[in-house]
Amino acid sequence: MYCLERGPVDDRRPIAVVAALHGDEPCGAYAIADLLATDPAFQRRVKFVVANERAMEAGERYVDDDLNRAFPGDPHSRSHERRLAARLREELADAEVITFHSTDAEPTPFALLQNPSETTDAVVRATGLEQIVDISYVDGGLEDVVDGVAVECGPMRTRGAAESARGILERFLTARGALPGAVEPVDLDVYRVDGVVDRGDLAFTGRNFQRVHAGDAFAVDTTGDDGEITAPEPFTPVLMATDGYDDMLGFQATNVGPLSELEP
Ligand SMILES: [Zn+2]
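Criteria and thresholds
- Residues numbered from 1 in each chain as written.
- Predicted model: local features only at pLDDT ≥ 70, side-chain atom pairs only at ≥ 80, totals over all residues.
- Heavy atoms only, no water.
- Helix = DSSP H or I, 4+ residues; strand = E, 2+ residues; numbered from the N terminus.
- Rg over C-alpha atoms; globule rule 2.2 N^0.38 Å.
- Buried < 20%, exposed > 50% of the residue type's maximum accessible area, 1.4 Å probe, protein only.
- Contact = heavy atoms within 4.5 Å.
- Areas by Shrake-Rupley, 256 points an atom, 1.4 Å probe, with all protein chains shown as cover.
- Lys, Arg positive; Asp, Glu negative; His and termini not counted.
- Charge placed at Lys NZ, Arg CZ, Asp CG, Glu CD.
- Donors = N, O, S within 2.8 Å, 3.2 Å for Na, K, Ca; no water.
- Tetrahedral: all angles 85-135°; square planar, octahedral: opposite > 155°, others 65-115°.
- Pairing = 2+ DSSP bridges.
- Axes fitted to C-alpha atoms, helices over the stretch in contact; angles between N-to-C directions.
- Phe/Tyr/Trp six-rings, centres within 6.5 Å; stacked < 30°, edge-to-face > 60°.
- Domains from an automatic or database assignment.
- Buried area = accessible area lost by both parts, 1.4 Å probe.
- Salt bridge = Lys/Arg side-chain N within 4 Å of Asp/Glu carboxyl O.
- Polar contact = N/O pair within 3.5 Å; in protein donor to acceptor, adjacent residues only side chain to side chain.
- Nonpolar A, V, L, I, M, F, W, Y, C, P; charged D, E, K, R; others polar.

A. Structural detail: the overall build of the chain. When helices and strands are counted, the chain shows 5 helices and 13 strands. Its C-alpha radius of gyration of 18 Å places the chain within 12% of the 18 Å reference for a compact globule of 264 residues. Reported as C-alpha extents along the three principal axes, the dimensions of the chain are approximately 60 × 45 × 30 Å. Buried positions account for 48% of the 264 residues belonging to the chain. Long-range contacts, defined here as pairs at least 24 residues apart, represent 69% of the contacts in the chain between residues at least 6 apart. Total accessible area on the chain stands at roughly 12,300 Å², and carbon and sulfur atoms take up 44% of it. Each charge class in the chain was averaged separately, 24 positive and 49 negative side chains, and the resulting centres sit 7 Å apart.

Here it is, written out as structure tokens:
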């Protein structure tokens with residue numbers, strides 16, 4: 001784990017920018033390196049963390065376990081990622097956190113959260129993104145144990161993901177008072193995950209964030225046995241991708257409206 005701190009210590013909580021939670025998603029690490037190369041005048045304490053350096057150097061998602069399913073972690077575990085999860089949790093305990101990922105699910109970018117709070121509201125509104133997925137339905141992610149959000153910046157293994165991460169990082173740090181300048185916070189559409197399509201043998205034919213009506217086809221069985229897969233009930237697909245997960249197609253969600261209109 002690489003950790004570098006910049007900016008003055010004051011009575012505000014530090015910001016933590018976390019990259020490479022998944023070793024095969026280095027977009028955030030590129031964005032951090034690119035930003036620091038410009039030697040900006042930070043006006044608030046920021047911790048830059050490259051989480052799973054070992055997996056990143058190997059070009060793998062993880063060494064022993066998926067780090068984003070390894071929380072709360074265990075400092076004495078034999079698993080590299082379970083030890084790392086415990087260290088990360090300690091490092092990020094007092095911070096407002098943003099984590100950078102890339103994904104095979106389209107379109108990007110969008111944000112993810114697990115524990116809605118005043119901080120997650122402020123953090124996500126600083127990103128400039130238009131959609132956020134509340135994935136509280138799933139256990140064990142980083143956002144389950146820290147105060148912050150994750151951002152899916154762009155497609156896996158692309159320069160575009162790194163460029164997207166760079167833009168989001170600068171906008172976010174400016175909006176949160178860590179970089180000079182001013183940007184307006186935005187409102188976002190909120191999607192709450194309430195189900196999963198747990199088949200890894202499907203090809204996704206719908207579009208994420210676009211509602212599938214009852215009876216509409218949204219996937220095809222790649223083995224050819226079941227043909228088109230239709231929705232028994234309406235839902236909105238999120239994080240669905242043909243090759244995104246081994247054991248599932250992705251998640252079903254409900255659009256619950258703009259963030260500004262939700263109960264705090
Ligand atoms: Zn990831």
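B. Broad picture of the coordination of the zinc ion. Protein coordination at the zinc ion comes from H22 (ND1), E25 (OE), E25 (OE) and H101 (ND1), with a distance range of 2.0 to 2.7 Å. Around the zinc ion, the 4 donor atoms are arranged such that angles at the metal cover 53 to 146 degrees; this shape is classified as irregular. Counting the intervening residues between successive donors of the zinc ion yields the motif H-x2-E-x75-H. For H22, a relative accessible area of 4% corresponds to the buried category. The exposure class assigned to E25 is buried, which follows from its relative accessible area of 3%.

C. View of the sheet that holds strand β1 (residues 2-6). Spatially, 10 strands are ordered β1-β3-β2-β4-β7-β5-β6-β8-β13-β12 in an open sheet, and the strand pairing comes out mixed. Of all strands in the sheet, those bounded by a partner on one side alone are β1 and β12 (236-238). Adjacent strand axes in the sheet meet at a mean angle of 30 degrees when their direction is disregarded. Here 3 bridges tie β12 to strand β13 (residues 250-258), and the two strands are oriented antiparallel to one another. Of the residues in β13, the one forming a bridge with P237 is Q252. On top of the sheet, helix α4 (residues 118-126) reaches β4 (96-103), β5 (110-113), β6 (131-134) and β7 (147-155); it is set at about 30 degrees to β7, its chief contact.

D. Representation of the side chain of R166 in the model. If you trace the backbone, R166 turns up in helix α5 (residues 159-175). Not counting the four nearest positions on each side in its chain, R166 is found in contact with A31, D34, L35 and T38.

E. Main features of the packing of aromatic side chains. What the rule picks out here adds up to 5 aromatic pairs. A connected cluster of aromatic rings, assembled from ring pairs, spans F110, Y191 and F209.

F. Broad picture of the domain arrangement of the chain. Assigned domains within the chain: domain 1 (2-175) and domain 2 (193-259). One C-alpha centre belongs to domain 1, the other to domain 2; they are set 26 Å apart. With 17 residues of domain 1 at the interface, the matching set in domain 2 holds 15 residues. For the pairing of domain 1 and domain 2, the buried interface totals around 1,300 Å² over both sides, and the portion due to carbon and sulfur atoms is 73%. Of all residues in domain 1, the largest losses of buried area upon contact with domain 2 belong to P107, V133 and Y137, amounting jointly to 35% of the total for that side. Counting across the domain 1 and domain 2 interface gives 0 salt bridges. One can count 2 residue pairs in polar contact (both at pLDDT 80 or more) joining domain 1 with domain 2. Counted by class, the side of domain 1 that touches domain 2 contains 9 nonpolar, 2 polar and 6 charged residues.

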